[in-house]
Amino acid sequence: MQALGLIETLGYTTAVSAADAALKAADVQLIAVEKVIGVGGSLGVTIHLSGDVAAIGAAVDAGKAAAQRIGTVISAHVIAKTHEDVNSKILARFLPGLPADSKTTDAGTTSDGAKSAASAILAEADQTDQTGTAGSASTTAPDLPEIE
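Residues take numbers from 1 onward in each chain, read along the sequence in its written order. Note on the predicted model: pLDDT of at least 70 is required for a residue's local features to be given, and 80 or more for side-chain atom pairs to be given and counted; whole-chain, interface and lining totals, by contrast, use all residues. Only hydrogens and water are set aside when side-chain values are computed; all heavy atoms of the structure are taken into account.

Here's the deal with the overall build of the protein chain
Right, so step 1: Helical segments are the DSSP runs of H or I of at least four residues, strand segments are the runs of E of at least two, and each set is numbered from the N terminus. Helices and strands together make up the secondary structure of the protein chain, namely four helices and five strands.
Right, so step 2: In sequence order, the secondary structure elements of the protein chain are arranged as β-α-β-β-α-β-α-α-β.
Right, so step 3: Only protein chains enter the accessibility calculation, which uses a 1.4 Å probe; a residue is then buried when its area is under 20% of its type maximum, exposed when over 50%, and partly exposed in between. Taken over 148 residues, the protein chain has a buried fraction of 43%.
Right, so step 4: Computed with the Shrake-Rupley method and a 1.4 Å probe, the accessible areas treat only the protein chains shown as cover for residues. For the protein chain, the exposed area adds up to about 7,500 Å²; of that, 55% sits on carbon and sulfur atoms.

A look at the environment of valine 28
Right, so step 1: Looking at where valine 28 falls in the secondary structure, it is placed in the loop between helix H1 (12-25) and strand E2 (29-37).
Right, so step 2: In this structure valine 28 comes out as buried when scored by relative accessible area, which is 0%.

A look at the nonpolar core
Within soluble globular proteins, side chains that are nonpolar tend to cluster in buried spots.
Right, so step 1: We define a nonpolar core as any set of buried Ala, Val, Leu, Ile, Met, Phe, Trp, Tyr and Cys residues linked to one another through side-chain atoms lying within 4.5 Å. Core analysis: the largest hydrophobic core is formed by 20 residues, its most contacted members being Ile7, Val28, Leu30, Ile47, Leu49, Ile56 and Ala59.
Right, so step 2: Residue assignment for this core shows that the elements contributing at least two residues are strand E1 (2-10), H1, E2, strand E3 (43-52) and helix H2 (53-70).

Describing the pattern of salt bridges
Right, so step 1: By definition, a salt bridge exists where a carboxyl oxygen of Asp or Glu is found within 4 Å of a side-chain nitrogen of Lys or Arg. This structure, assessed with the given rule, holds one salt bridge.
Right, so step 2: Note that lysine 24 is salt-bridged to aspartate 20, the shortest N-O span being 3.1 Å. Taken together, the positions of lysine 24 and aspartate 20, both in helix H1 and four residues apart, correspond to about one turn of that helix.
Right, so step 3: You can call aspartate 20 partly exposed: its relative accessible area is 25%.

Let's talk about the packing of H1 against H2
Right, so step 1: Packing of H1 against H2 leaves a shortest axis separation of 7 Å and a crossing angle of 145°. Crossing geometry of H1 relative to H2 is assigned as right-handed. Seen from H1, the contacting residues are Thr13, Thr14, Ser17, Ala18, Ala21, Ala22 and Ala25; seen from H2, they are Ala58, Ala59, Ala62, Gly63, Ala66, Ala67 and Ile70. All axes are obtained by fitting lines to C-alpha atoms, using only the stretch in contact for helices, and the reported angles, taken between N-to-C directions, cover 0 to 180 degrees. Take the far helix as the reference: if the near one is turned anticlockwise from it by less than a right angle, the crossing is left-handed, and if turned clockwise, right-handed. Contacts: residue pairs with any heavy atoms within 4.5 Å of one another.

Considerations on the environment of leucine 91
Right, so step 1: On the secondary structure map, leucine 91 appears in the loop between helix H3 (84-90) and helix H4 (113-131).
Right, so step 2: Taking the C-alpha atoms as reference, leucine 91 lies 9.1 Å from histidine 48; in sequence the two are 43 residues apart.
Right, so step 3: Those residues within four positions of leucine 91 in sequence are excluded, and the remaining contacts are Leu4, His48 and Val86.

A word on H2
Right, so step 1: Under the 1.5 Å per step criterion, the end-to-end length of H2 is 26 Å for 18 residues, consistent within 8% with the ideal 26 Å.
Right, so step 2: All of the buried residues along H2 are Ala55, Ile56, Gly57, Ala59, Val60, Gly63, Ala66 and Ala67.
Right, so step 3: Buried residues in H2 make contact with E1, H1, E3 and strand E4 (72-79).
Right, so step 4: Distance and chemistry together define a polar contact, namely a pair of N or O atoms within 3.5 Å, with one atom able to donate a hydrogen and the other to accept it when in protein, and with adjacent residues in sequence counting only for side-chain atoms on both sides. The distance from a side-chain oxygen at the start of H2 to the backbone nitrogen of alanine 54 is 3.2 Å, and the residue carrying that oxygen is aspartate 52. Helix span, as expected, comes to 1.5 Å for every residue beyond the first.

Regarding H1
Note on helix geometry: an α-helix contains 3.6 residues per turn, so any two residues three or four positions apart are oriented the same way.
Right, so step 1: In this model, H1 (14 residues) spans 20 Å end to end at C-alpha, consistent with the 20 Å of a helix rising 1.5 Å per residue.
Right, so step 2: Counting buried positions along H1 yields ten of 14 residues, so the element is predominantly enclosed.
Right, so step 3: The complete set of buried residues in H1 reads Tyr12, Thr14, Ala15, Val16, Ser17, Ala18, Ala19, Ala21, Ala22 and Leu23.

Digging into the environment of asparagine 87
Right, so step 1: Tracing the backbone through its elements, the reader meets asparagine 87 in helix H3.
Right, so step 2: Taking the C-alpha atoms as reference points, asparagine 87 and leucine 4, 83 residues apart in sequence, are found 9.9 Å from one another.

Quick look at the side chain of threonine 46
Right, so step 1: Its place among the elements puts threonine 46 in strand E3.
Right, so step 2: Residue threonine 46 is classed as buried on the basis of its relative accessible area of 13%.
Right, so step 3: Residues in contact with threonine 46, not counting those within four places in the same chain, are Leu6, Ile7, Glu8, Ala32, Val33 and Glu34.

Shown next, in the form of structure tokens:
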């Protein structure tokens, strides 16, 4: 059974820290990063994770704990099994270029491209940590879908 994990943070650095910890804690995939300018102009970032229920639970707990050490966590939640409408009408928005019904299976799994996108985000974060400046003008990996 596939589950969906969501961790919503204030700030990009906090979200990258949550994603890094979550992906290291369990066998899960980062399927999307959603950025929204919220009340007061704050940047809200939600990371979306997919995997089996136990792995998502562990990943969300680890990601939330890591993010709380860096910044502010707005919410963290695990959905044990998403309804097929959530997959086809909401999650499909995060995986452009594929027909809506083939972006996720009825269990919520996605392509392996999400892992490489997560690696690209984390590599950029590592470069920023080492040099003190971002590696590029972009704040997201080129192949990771961004929803505004």
